[in-house]
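# Geometric and topological summary
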Amino acid sequence: MKFDVLTLFPELFNIVMRESIIGRAQENGIIKVNAINIRDYSKDKHKKVDDYPFGGGTGMVMTCQPVIDAYNDITKDMTVKPKVIYMSPQGRVLNQKIAKELSTEEHLILLCGHYEGIDERIIEEIVDEEISIGDYVLTGGELPAMVLIDCVSRLVQGVLASENSYSEESHFNGLLEYPQYTRPADYNGKKVPDILLSGHHANIEKWRTQQSIERTKQKRPDMYEVYERTHKKNL
Ligand SMILES: NC(=O)c1ccc(NCc2ccccc2)nc1
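Cut-offs and rules
- Residues numbered from 1 in each chain as written.
- Predicted model: local features only at pLDDT ≥ 70, side-chain atom pairs only at ≥ 80, totals over all residues.
- Heavy atoms only, no water.
- UniProt positions renumbered as here; feature names shortened; annotations may be inferred.
- Buried < 20%, exposed > 50% of the residue type's maximum accessible area, 1.4 Å probe, protein only.
- Helix = DSSP H or I, 4+ residues; strand = E, 2+ residues; numbered from the N terminus.
- Arc of directions from axis to C-beta.
- Contact = heavy atoms within 4.5 Å.
- pLDDT = per-residue confidence, 0-100.

- As annotated in an unreviewed UniProt entry, the protein chain carries the name tRNA (guanine-N(1)-)-methyltransferase and comes from Ruminiclostridium herbifermentans.
- The record held by UniProt for the protein chain lists under Subcellular location (unreviewed entry) the comment "Cytoplasm".
- The UniProt entry for the protein chain carries this comment under Function (unreviewed entry): "Specifically methylates guanosine-37 in various tRNAs."

### A word on helix α2 (residues 20–27)
- If you check which residues of α2 are buried, you get I22, G23 and A25. Take α2 and look down its axis: the buried residues cluster within an arc of 160 degrees, on one side only. Away from its buried face, by an angle of more than 90 degrees, α2 presents the exposed residues S20 and E27.
- Contact partners of the buried residues in α2: α6 (142–153).
- Once α2 finishes, G29 follows within two positions and takes phi at roughly 75 degrees, a positive value.

### Side note on the confidence of the model for the protein chain
- Across the protein chain, the average pLDDT comes to 94, with 94% of residues at 70 or higher.
- Confidence estimates for the predicted assembly give a pTM of 0.92 and an ipTM of 0.98.

### Let's talk about unusual backbone geometry
- Look at the link from R183 to P184: it is a cis peptide, with omega at 5 degrees.
- Locating P184 in the fold gives a position in the loop between α7 (163–168) and β8 (186–187).
- Residues other than glycine seldom take positive phi values, yet S20 does so here, at roughly 50 degrees.
- In this structure S20 comes out as exposed when scored by relative accessible area, which is 53%.
- Non-glycine residue K47 carries a positive phi angle of around 60 degrees.
- Structurally, K47 can be placed in the loop between β2 (32–37) and β3 (50–51).
- Overall, the relative accessible area of 35% leaves K47 in the partly exposed class.

In structure tokens, the structure reads:
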């Protein structure tokens, strides 16, 4: 799966996306993250990429020409135009279900806004979908783009060591993760629940599912309500 990222800060991606699971997935050729510097496409003699908003107001707006030209350049040889996602507070809020949908795409173009946003005509011209990572405003769309790349890439075949780690992962089965413990079994007098030391896998799984349900009910009643509706027969 390939991500082309249109950004003013390509270096951010080259550093962060080289680490850990995403970094390894890039080395294995499963994922490719290609950051393109919008500024390289500016035809302005000072390489300007923003300008004052018509109608007044504080802050600057990203101009059309560099972004559209960058998009046209990276897609010029493509028969199928990839989906363009604009990282914006106005978008559909990202969740595991949306990440799963996006993980089936071969190629995504992510557009990172900056300043107060981008000229609306860019959205009309090239954006297929706006996605938000939550209801708050950040300096730029770069962190949201990295969040999207991380959570989508983990769902791509071969990126995670074993598929079941994904399927067991919280939010996949609509529940929060059960509590995790590792050695030592007794840390400062705080013991690991006996069930986990029993080696009785069926009982361990039952305990874990019960813990997930209880936690979800307590911490995320909204998620629990969905879970209850879809599993009401077993509860
Ligand atoms: N919540 C998010 O996903 C998000 C995305 C981008 C962003 N900042 C860049 C920007 C600001 C204003 C308009 C459009 C883009 N802040 C938060």
